[in-house]
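Below, each chain spelled out in residue letters.
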Amino acid sequence: MSIILIGFMGSGKSSVAEALGLPVADMDVLIAQKAGKSIPEIFAEDGEKHFRELETAVLSEVSDFDGVVATGGGVITTEASRAILKKQKNVFFLKADIQNLYERIKNDTENVRPIAQNNDFGGLYDVYKKRENWYNEAASYVIETDEMTACEVAAAIKEIVC
Ligand code: S3P
């Protein structure tokens, strides 16, 4: 059984994937492996369009993965990836307030995110608003995560799929 986590940057997809205690397919890691370079390098050298093509290719490879798939925040921006998600039953949108997301993104020094680097709060808010409908449409379930720990979100997901 495959559980797919979607949501904006900073929504905790990777932490929740880990907390679920299942095998994890982290799409950003797989994309970087496929390209043989880091995500910032793909954006800088090949452009976002190429990144999105790799993202769709990886999504189609892992969409039936037996475990949990942590997607990248922009996976819902392409028609091709949305079509793949549409066929899945367990797509969880980890929803959070944009102010909280912004704080988490800003404080996350480990993860270099080209889309976040090029945007201040207003810019990220616009990106979020553009994507919000796509997240909701792609989701089989929406989890409001603002008041929850990663373990609590994982427990809520388990309750639904078990
Ligand atoms: C992106 C989100 C990132 C990564 C890439 C693009 C986006 O993943 O895929 O930097 O467009 O929102 P996270 O959501 O895991 O940060």
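Residues numbered from 1 in each chain as written. Predicted model: local features only at pLDDT ≥ 70, side-chain atom pairs only at ≥ 80, totals over all residues. Heavy atoms only, no water.

### Some details on the sheet that holds strand β2 (residues 24–26)
Pairing within the open sheet is parallel, and its 5 strands lie in the order β2-β3-β1-β4-β5. The two strands at the open ends of the sheet, each matched to only one other strand, are β2 and β5 (141–144). When strand polarity is set aside, the average angle formed by the axes of neighbouring strands in this sheet is 25°. In terms of strand pairing, strand β4 (residues 91–95) meets β5 through 4 bridges, oriented parallel. What sits directly across from Phe93, in β5, is Val142. Sitting on the sheet, helix α2 (residues 27–35) touches β2 and β3 (67–70), and the angle it makes with β2 is about 60°. (Pairing = 2+ DSSP bridges. Helix = DSSP H or I, 4+ residues; strand = E, 2+ residues; numbered from the N terminus. Axes fitted to C-alpha atoms, helices over the stretch in contact; angles between N-to-C directions. Contact = heavy atoms within 4.5 Å.)

### Quick notes on the site of the ligand
Lining the immediate environment of the ligand, one finds 13 residues, of which Lys13, Asp28, Arg52, Arg113 and Arg131 sit closest. Backbone polar atom of Gly73 to an oxygen atom of the ligand: 2.8 Å apart, as the coordinates give it. With respect to the ligand, the side chain of Arg131 contributes an N or O atom lying 2.7 Å from an oxygen atom. When the ligand is considered free in solution it has 390 Å² of accessible area, and contact with the protein chains removes 96% of it. A per-class count over the shell around the ligand returns 5 nonpolar, 3 polar and 5 charged. (Near = heavy atom within 4 Å. Polar contact = N/O pair within 3.5 Å; in protein donor to acceptor, adjacent residues only side chain to side chain. Areas by Shrake-Rupley, 256 points an atom, 1.4 Å probe, with all protein chains shown as cover. Nonpolar A, V, L, I, M, F, W, Y, C, P; charged D, E, K, R; others polar.)

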